[in-house]
Amino acid sequence: MQPAAKRGRPVDHDVSAVEAVMHRASDYKTWSEAALELDRLDGLDDWKAEEASDHYDWRLIRSRLRQIRSFRAEGQTLKLVHHLRQGLHWNLGNIGNSALYKVARIGTKKLISDYVSEVCDALNELAATDIPEFSQNDKHKFFHDVALSYGRSALMLSGGATLGLFHVGVVRALYREGVLPEVMSGSSAGSIVAATVGSRRADDLEELLDPTNAYYHFWRVLPLRQMLKRGSVMDQTQLRRAISKNIRDLTFEEAYKLSGRAINITVSPAGVNQQPKLLNHLTFPYLYIREAVLASCAVPVLFPPVMLMSSDETGNRTPYMPLLRWNDGSLKSDLPMLRLRRLHNVNHFIVSQTNPHVLPFVSEREPGTRGLRNSARDYAYSTVRSQATSLLNFARANLPIKRLHRPLDVATSVLDQDYRGNINIFPEASLWRYIQVTSNPTLDSVRRFLLEGERAAWARVEMIRTQTAISMTLERCLEQVETAGSGQQRRKLQGVALKVVRDRTGGLSMPRR
């Protein structure tokens, strides 16, 4: 069935009025209600209700939904557990296909939403209910193994200098809708946002994301004499001051314990014979976040490279490998997908992309979108990128001037990177944004950046909600089961202690059985 929007709809005053409400909306509730109404007026409710589509295996999803409902209705717990354990996988039947979320302004096929909701309800019921044939140990193993098998999501925040304020709006929108992943990565400007969120308790985020409560003056141009002396254009002291006003002075391990979020910051080596690093509570638990962010923001020429700082075994601040210096994380690892997969079991990536050199080459369509024009564009882009990379590699290998090797290596790294994820959120490329790249924004500009980030995220919220619901439910259920297991163990130990009594001679007897 072809959606009414594709067939052409009659334009009337009701549609125009709802569109105006949607475009003027300043909160997600208003925006989503208008989007749902426009979908209804366009006849897209019929498309959502129709199960069949070439974009996913709807027969498989319908069959599994019916089985789960049947097992729950009949109280067949072991069959339900067995069914979920072997069949619960990310993107089952291709329900994560981006084409399924491009037709309507909000939401997707009702069959997909019903399936995800039923799975989450079943998991919550299994975690919360005492079931004789499903012991606490079996329950813990089930949720641990399924969570590990299913994987989790991460939010990745790119570089982008002042354009990175867009990330704040994205984070605020996802946080307010309860879909902000616990795993976050940030490079350059993105590292500031990720570290600010990751060094606060969850209940402090709403206040923190208010633009009047943050400090956004990161830039100060050095006098010419200082530029020549320091070998950089911008004052790193001002950048350090801004970072200290937004980010608490914690190690990665301390920040993780405080916020519960796995914050990952990328840095690139300033010298040779070193690889880019992904800094987090697992790889570098004792490193201080502030210096990590300062290094990730140290764009060559604009800022000098940075020495990282660590907490020693006595808690004193000390240089980490003082002979090494680090700079802008986006140069070689803007979106560290491979390492997030290995360290955090991430297999689903939400990307907020604001890099100035990337924005002109991305669009709202996803790579691989059908159509001759889209295919030709993808082919042309990949061909040009491949040829440019080959030329740079050739020049790097054959030019006798060693001073040029480093810039060529950086240029190759920039071209080699993949700047997209499963879900992509980005602003429109415009002259106003590029003018703002290295300027201290006014409060009005900050609010504009944040609202643009929120609006861009609103269009992806339901897609994110659907695609992250099961993994987030698994994490909550596992935590619930582990907490219940710990409580049972404590009660058991307390019960044993209460049974220890003194005998008539004043000594201790063995616990009574």
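About the criteria used
- Along each chain, residues carry numbers from 1 onward, in the same order as the chain's sequence is written.
- The predicted origin of the model limits local features to residues at a pLDDT of at least 70 and limits the giving and counting of side-chain atom pairs to 80 or more, whereas totals for whole chains, interfaces and linings rest on all residues.
- Side-chain descriptors were evaluated using all non-hydrogen atoms of the structure, hydrogens and water having been removed beforehand.
- Only DSSP runs of H or I covering at least 4 residues are called helices, and only runs of E covering at least 2 are called strands; the numbering of each starts at the N terminus.
- Categorising residues by exposure relies on relative accessible area from a 1.4 Å probe, with only protein chains included: less than 20% of the type maximum marks a residue as buried, more than 50% marks it as exposed, and the intermediate range marks it as partly exposed.
- It only takes one pair of heavy atoms within 4.5 Å for two residues to be counted as in contact.
- Disulfide assignment relies on a single distance test, namely cysteine sulfur atoms paired within 2.5 Å.
- UniProt positions are given in the numbering used here, feature names are shortened, and annotations may be inferred rather than shown by experiment.

> Could you give me a rundown of the overall build of the protein, with the residues and numbers involved?
Broken down by element type, the protein carries 21 helices and 9 strands. Taken over 513 residues, the protein has a buried fraction of 48%. Within the protein, residue pairs in contact and separated by at least 24 positions form 75% of the contacts whose partners lie at least 6 positions apart.

> Residues and numbers for the side chain of Asp39, please.
Within the secondary structure layout, Asp39 lies in helix α3 (residues 28-41). Once residues within four sequence positions are removed from consideration, Asp39 is found in contact with Leu44, Asp45, Lys48, Ala104, Arg105 and Ile106.

> Which residues make up the state of the cysteines, and what values do they have?
Enumeration according to the criterion identifies 0 disulfides in this entry. Lacking any disulfide linkage, Cys120 is separated from the closest cysteine sulfur, that of Cys477, by 8.3 Å.

> Hey, could you go over the UniProt feature "active site" (unreviewed entry) in the protein for me, with residue numbers and the actual values?
As recorded in UniProt, the feature "active site" (unreviewed entry) lies at Ser188 and Asp328. For the annotated residues, spread through 141 residues, the largest C-alpha to C-alpha distance comes to 5.8 Å, consistent with a single compact locus. Within the fold, Ser188 resides in the loop between β2 (183-186) and α10 (189-198). On the basis of relative accessible area, Ser188 is assigned to the buried category, the value being 7%. Filtering out sequence-adjacent residues up to four positions away, Ser188 remains in contact with Gly159, Ser296, Cys297, Val299, Asp328 and Ser330. With respect to the helices, strands and loops of the structure, Asp328 is situated in the loop between β7 (326-327) and α16 (330-333). For Asp328, a relative accessible area of 4% puts it in the buried group. Those residues in contact with Asp328 that lie beyond four places of it in its chain are Ser188, Ser268, Ala295, Ser296, Ala298, Val299 and Pro300.

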